[in-house]
Amino acid sequence: MIDYIRSKSIKEYLKREAAKLTDLQKAALILRSDSPVKMIHESLMETAESTGDEILKRAVMEKVESQCREIEEVKNNEPGAVYSLEVYEPDEEIYINEGIYSSYEAADIHARYFEMKYIIRKYRLFGKDGLESHFHKKYGYIQAELGALLSDAGGNILKYIPGAGGIEGQQEKTALDKPVVLKHPFRKGDIVTNLETGDIGVVNDCEGTLEEWMEQKEGLARRGDVESLGILVEYADPFGNFFGRHTCPYSLEYAKEPRIGGKARWHVLQEAQKLLKGKGSLEKFAGWKASLEANRRYW
């Protein structure tokens, strides 16, 4: 079983409250983890075998089967298709195109030399020319992305990425596709770290009780507003400019004050925290923000 809760803050909260997750909640967290797909499927099947929820058991089976089909759709070397390879460049934090290949296997073999995460995208070619001549003469006419696979440096598939002609959205929705509202310890004004992105921000949500927050989010879920289900966090960029984003609470952890560097940024976050709690000074907040911008300090 994979560790489907990364946040130490969440783990401590669940232990302190003696709170138990339902099998559906466990499965939902397993499904959204950043582990390799194979490990996710193994953990989902383990959950399905131990649960007494027959609806969840069927949902897990359907989800694993549909994801396996999606992966095979990308790997299948059908006539008239080519593959592009994009390798992660850590210095620029982007994926760089490293060429076009006639098969998934050829692109995958080349990807291993870089020892970085990579994406292999499948495209359909339009035209009557042969594969090689069509590519070299009309590179711009490679069209209809059929899907892609994100893999780690060792070749373990991490994620299926649907294309314009992919099969995602054609599958019937299961219990695992429905949004799950989760208990958490975070409250308005808490300074938190997003474990997925590394961003640090201040919670601008959960002003009342947890029960009130959950009732509100469950109402949004019933109306289909999936984008607003998480906790609203006001994240700060390196210059103290804030941007709001709803984030799954299980991707958050209480932030720690940096021992070295980043002090000005931390002060901006602290002043924002005070303002959200109704105790701060707009003048102090603006002062620290101006200092951060003037010195162009980075986190």
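For every chain, the first residue of the written sequence is number 1, and numbering continues from 1 onward in sequence order. With the structure being a predicted model, the display of local features is reserved for residues of pLDDT at least 70 and the display and counting of side-chain atom pairs for 80 or more, all residues being used for whole-chain, interface and lining totals. Only heavy atoms go into the side-chain values, all of them from the structure, while hydrogens and water stay out.

Asker: So what's going on with the overall build of the chain? Residues and values would help.
Answerer: The secondary structure content of the chain amounts to nine helices and ten strands. We call a residue buried when its accessible area falls under 20% of the maximum for its residue type, exposed when it is over 50%, and partly exposed in between, using a 1.4 Å probe and counting protein chains only. Here the chain holds 299 residues, and the buried ones make up 42% of them. In this analysis, two residues are considered to be in contact whenever any of their non-hydrogen atoms come within 4.5 Å of each other. Nonlocal contacts in the chain, meaning residues at least 24 apart in sequence, comprise 59% of its contacts between residues at least 6 apart. Here a helix means four or more residues in a row that DSSP labels H or I, a strand means two or more in a row labelled E, and each is numbered from the N terminus.

Asker: An account of the packing of helix α2 (residues 23–31) against helix α4 (residues 54–75) is requested, with residue identities and associated values reported.
Answerer: Simply put, an axis is a line fit to the C-alpha atoms, just over the touching stretch for a helix, and the angle between two N-to-C directions goes from 0 to 180 degrees. The N-to-C vectors of α2 and α4 enclose an angle of 15 degrees; their axes lie 11 Å apart at closest approach. What the angle tells us is that α2 and α4 run roughly parallel. The two elements α2 and α4 cross, and the hand of that crossing is right-handed. In this structure, α2 uses Asp23, Leu24, Ala27 and Leu31 to contact α4, whose residues at the interface are Leu56, Lys63 and Gln67. Looking at the contact of α2 with α4 residue by residue, the class counts come to four nonpolar, one polar and two charged. By definition in this entry, angles of less than 35 degrees are roughly parallel, angles greater than 145 are roughly antiparallel, angles of 65 to 115 are roughly perpendicular, and the rest are oblique. Note: crossing handedness is left-handed where the near helix turns anticlockwise from the far helix by less than a right angle, and right-handed where it turns clockwise. Note that Gly is not counted as nonpolar here; it falls among the polar residues with everything else outside the nonpolar set of Ala, Val, Leu, Ile, Met, Phe, Trp, Tyr, Cys and Pro and the charged set of Asp, Glu, Lys and Arg.

Asker: Before we move on, can you summarise the pairing of strand β6 (residues 191–194) with the specific residues and values?
Answerer: On a regular strand, each side chain points to the face opposite its neighbour's, so the side chains alternate between the two faces of the sheet. Burial along β6 is two-sided: the residues Ile191 and Thr193 and Val192 and Asn194 are all buried. Bridge analysis of β6 against strand β7 (residues 200–203) gives three bridges, and the strand direction is antiparallel. By the bridge assignment, Val192 is partnered in β7 with Gly201. In sequence, β6 turns back onto β7 through a hairpin of five residues, with Gly198 there showing a positive phi of about 85 degrees. Across three bridges, the pairing between β6 and strand β10 (residues 252–254) is antiparallel. Bridging across to β10, Thr193 finds its partner in Glu253. A pair of strands is considered paired only if DSSP assigns at least 2 bridges between the two.

Asker: Break down the pairing of strand β1 (residues 81–89) for me, with residues and values.
Answerer: Burial runs high along β1: seven of the nine residues are buried. Two elements, β1 and strand β3 (residues 118–125), share seven bridges in a ladder whose sense is antiparallel. For Ala81, the partnering residue across the bridge sits in β3 and is Arg124.

Asker: Lay out the pattern of salt bridges in plain terms, naming residues and giving numbers.
Answerer: Here a salt bridge means any side-chain nitrogen of Lys or Arg lying within 4 Å of a carboxyl oxygen belonging to Asp or Glu. For the structure on display, the rule yields twelve salt bridges. Between Arg16 and Glu17 there is a salt bridge whose closest N-O contact spans 4.0 Å. According to the relative accessible area criterion, Arg16 is exposed, its value standing at 56%. A salt bridge links Asp108 to Arg112, with the nearest nitrogen and oxygen atoms 2.8 Å apart.

Asker: Pulling in residues and values, what's your account of the nonpolar core?
Answerer: Residues Ile231 and Tyr250 are the most contacted members of the largest nonpolar core, which totals 21 residues. Where this core is concerned, the elements lending two or more residues are α1 (8–16), α7 (210–222) and β8 (231–236). Every residue in contact with Tyr250, bar those within four places of it in the chain, is listed here: Ile5, Ser7, Ile10, Leu14, Leu21, Leu29, Leu182 and Lys183. By nonpolar core is meant a set of buried Ala, Val, Leu, Ile, Met, Phe, Trp, Tyr and Cys residues that side-chain atoms within 4.5 Å join together.

Spatial relationships are all this shows, so hold off on functional conclusions.
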